[in-house]
Amino acid sequence: MAGLIRREDIDEVRSRTDIKEIVDGYVTLKSAGIGSWKGLCPFHDERTPSFHVRPQMGTYHCFGCDESGDVISFLMNIDHTTFSETVEKLAARIGYELRYEQGSGPKKEEVGRRQRLLDAHKVAAEFFQRSLYTRQAGPAQRFLGERGFDGEAARRYGVGYAPKGWDHLLKHLRGHGFTDQELKLTGMFSEGNRGLYDRFRGRLVWPIRAVAGEVIGFGARKLYDDDQGPKYLNTPETALYKKSQVLYGIDLAKREIARQRRVVVVEGYTDVMACHLAGVTTAVATCGTAFGPEHIKIVRRFLSDDGGGGEVVFTFDGDAAGQKAALRAFEEDQKFVAQTYVAVEPHGMDPCDLRLARGDAAVADLVDSRRPLFEFAIRATLKNYDLATIEGRIRAMRACAPIVSRIRDRSLRPAYARQLAGWLGLEPSEVQRAVDAAGRAPREDRAAPRPAEPEAPATPAVQLPDPREPVARMEREALETVIQCPGLLQDRHWEEFSLSVFRYPVHGAVHDAVLAARAGLGGTVPSGQVWVDAVRGRLPDPLHGYLAELAVTPLPATTEQQLERYTSDILNRLFELQINRRKSDRLAELQRTDPTSQRERYQELQRELLELEMQRRGLRQD
């Protein structure tokens, strides 16, 4: 472990570093008199320069926001580096070897080797950028143009072109004095039987920079059909480049992330470019890997993620892979104090495509349309279940309850439990109990969201429902009339009965047997023993005794007229229950439907709800 840097070495590095030269890399300075320079403050928005640098004093001060300090504090504030990292960077810049009070710092040869790798990457980036403006780079130029990027955009992001061939970059770097041993460590070359050869060939190339702006790797997109490599090829892991610790665009976005306290995570290099050009200047992207714990550490440094209020907005494609990525991000959500959101373009367009199709404003609107990540996780999980069935809704509730239970803001949990109940068409109290139970479960048991459970085939349960339960009693009474008085049912009764869905499996099995028996008799339903035998023939053996109960239970009527009235009343009660269930299903779907992007379905559901209400009122008039 490195010890403390000696105080005299810190003072030496500070005194030998020209603060104006460092600040010039971030701020355009103009003379403000003898020994003084001024420019627009990099730490706050302003139109009139109030940021002053005094090189002889080694200090800077802003009269607008009161930020002040020396060259070390300037770099710490603007690059969000630690004190030791900043001093070591400045020492390497001037070639000064630091000494440590305890332990040891980086060895001199390691510091030198790292600087050589950085130098090689800088020379390579310049080579690629110049190559973009050669005749051979036509496909790369067309690729950029077709995606809405001009020459100025290419220069701003350092985009370049790796020429076709095996050793163009290799020869160039050798010509700059780099040895083959050094070049092997850069990750820019592969090695075969004949030695080193260029890793990137015939590709559009983006430089990947560290937080402080040094080029540490490259990402390359193939352009030619005869290229057998992957669509995107990145630098492999090296001493400089660790993909789990790198965010593309962070060097350009860091100031705005710190100022706006928002970071927008997109999926690709062109998406970062499109976002920045569209005014979403806090966009960054991972480099060929999922957003993980190391990326979170980087983002937290810029968000000052310690008191809440910041935002992390993920943008994902609307396809299955995008949803999977969002759910992975949800797993990391608990490591932020900042609120996490997700923004998904309804038609599956990424920010680059969206900018091309609809302009800059559409990209900003996409980010502004963000939804809380846990809401997206709930909705994505619901899609795995058949919400048209009670069983599917119960399974969906059990899958989503752990997600609601993990919402950090406890005051939001009851509201989302009620929202989930509305989406599922279930009682809020039932959903809240499931959420509470999930919250009490061990952590490993509620690391949801989990994949959908396989739908099990429906089998009738032998256990009879409690006759004191109102719905169970009503369903049984309706079946009693159908078994005992089938001749009293009119065509409309049979039609509605065939569409009915029974809550209890035993009743559902009898219902199915009744319909099968009627179909087997050609739609002509006899009475008495013939009818009961026909139904029994469609029932599993364990339910024959229950059918006998239904067939002999006395009905509350003493005259034919009373029996007709009773039959009509009890069936209308069953049908009204069915209508209310269908209304509840439609209302739940209506709440899950976006009235803007799913306008036709939203209006169709409203019409269906109106029709169901008319049917319900019609039953009461019978």
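Quick notes on the rules
- Residues numbered from 1 in each chain as written.
- Predicted model: local features only at pLDDT ≥ 70, side-chain atom pairs only at ≥ 80, totals over all residues.
- Heavy atoms only, no water.
- Buried < 20%, exposed > 50% of the residue type's maximum accessible area, 1.4 Å probe, protein only.
- Helix = DSSP H or I, 4+ residues; strand = E, 2+ residues; numbered from the N terminus.
- Pairing = 2+ DSSP bridges.
- Axes fitted to C-alpha atoms, helices over the stretch in contact; angles between N-to-C directions.
- Parallel < 35°, antiparallel > 145°, perpendicular 65-115°, else oblique.
- Left-handed = near helix turned anticlockwise from the far one by under 90°.
- Contact = heavy atoms within 4.5 Å.
- Nonpolar A, V, L, I, M, F, W, Y, C, P; charged D, E, K, R; others polar.
- Polar contact = N/O pair within 3.5 Å; in protein donor to acceptor, adjacent residues only side chain to side chain.

Novice: Which residues make up the pairing of strand 3 (residues 51-54), and what are the values?
Specialist: The side-chain alternation of strand 3 yields one buried face, formed by Phe51 and Val53, and one unburied face, formed by His52 and Arg54. Here strand 2 (residues 37-39) pairs with strand 3 via three bridges, running antiparallel. In the strand pairing of strand 3, Lys38 is matched with His52. With four bridges connecting them, strand 3 and strand 4 (residues 59-62) associate as antiparallel partners. Bridge pairing in strand 4 links Arg54 to Thr59. In this antiparallel pair of consecutive strands, strand 3 and strand 4, the connection spans four residues, and Gly58 shows a positive phi of 70 degrees.

Novice: Before we move on, can you summarise the sheet that holds strand 17 (residues 371-372) with the specific residues and values?
Specialist: Taken in spatial order, the six strands line up as 12-14-13-15-16-17 in an open sheet, and their pairing is mixed. In this open sheet, the two strands that pair with only one neighbour each are strand 12 (247-248) and strand 17. Pairing analysis gives two bridges linking strand 16 (residues 339-343) to strand 17, with the strands arranged antiparallel. Bridged to Val342 within strand 17 is Arg371.

Novice: Provide a residue-level description of the packing of helix 16 (residues 373-382) against helix 18 (residues 413-424), including the pertinent values.
Specialist: The angle between the axes and the distance between the axes are what describe a pair of packed helices. Between helix 16 and helix 18, the least distance of the axes is 12 Å, while the angle of their chain directions is 25 degrees. The angle between the axes of helix 16 and helix 18 places the two elements in the roughly parallel class. Read as a crossing pair, helix 16 and helix 18 show a hand that is right-handed. Along the contact surface, helix 16 presents Phe374, Glu375, Ile378, Arg379 and Leu382, while helix 18 presents Tyr416, Leu420, Trp423 and Leu424. For the contact of helix 16 with helix 18, the class distribution of residues is seven nonpolar, no polar and two charged.

Novice: So, the environment of Ser597: which residues are in play, and what are the values?
Specialist: One can find Ser597 in the loop between helix 25 (560-592) and helix 26 (599-620). Between the C-alpha atom of Ser597 and that of His347, which follows or precedes it by 250 residues, the distance is 9.1 Å.

Novice: So, the side chain of His511: which residues are in play, and what are the values?
Specialist: Tracing the chain through its elements places His511 in helix 22 (residues 505-520). Under the relative-accessibility criterion, His511 is labelled buried at 5%. Polar side-chain contacts of His511 include one of 2.8 Å to the backbone oxygen of Phe497. Beyond its immediate sequence surroundings of up to four residues, His511 is in contact with Leu479, Phe497, Ser498, Ser500 and Phe502.

Novice: Talk me through the sheet that holds strand 1 (residues 30-31); I want residue IDs and the actual numbers.
Specialist: Here we have five strands laid out as an open sheet, ordered 1-2-3-4-5, and antiparallel in their pairing. Where the open sheet ends on each side, the last strands, each with one partner, are strand 1 and strand 5 (68-69). Here helix 3 (residues 71-79) sits on the sheet and contacts strand 3, strand 4 and strand 5; the angle it forms with strand 4, its principal contact strand, is near 50 degrees.

Novice: Explain unusual backbone geometry to me, and be specific about the residues and the numbers.
Specialist: Within the chain, Asp66 stands out as a residue other than glycine whose phi angle is a positive 70 degrees. Looking at where Asp66 falls in the secondary structure, it is placed in the loop between strand 4 and strand 5. By relative accessible area, Asp66 is classed as exposed at 56%. Positive phi, close to 55 degrees, is recorded for Arg261, a residue that is not glycine.

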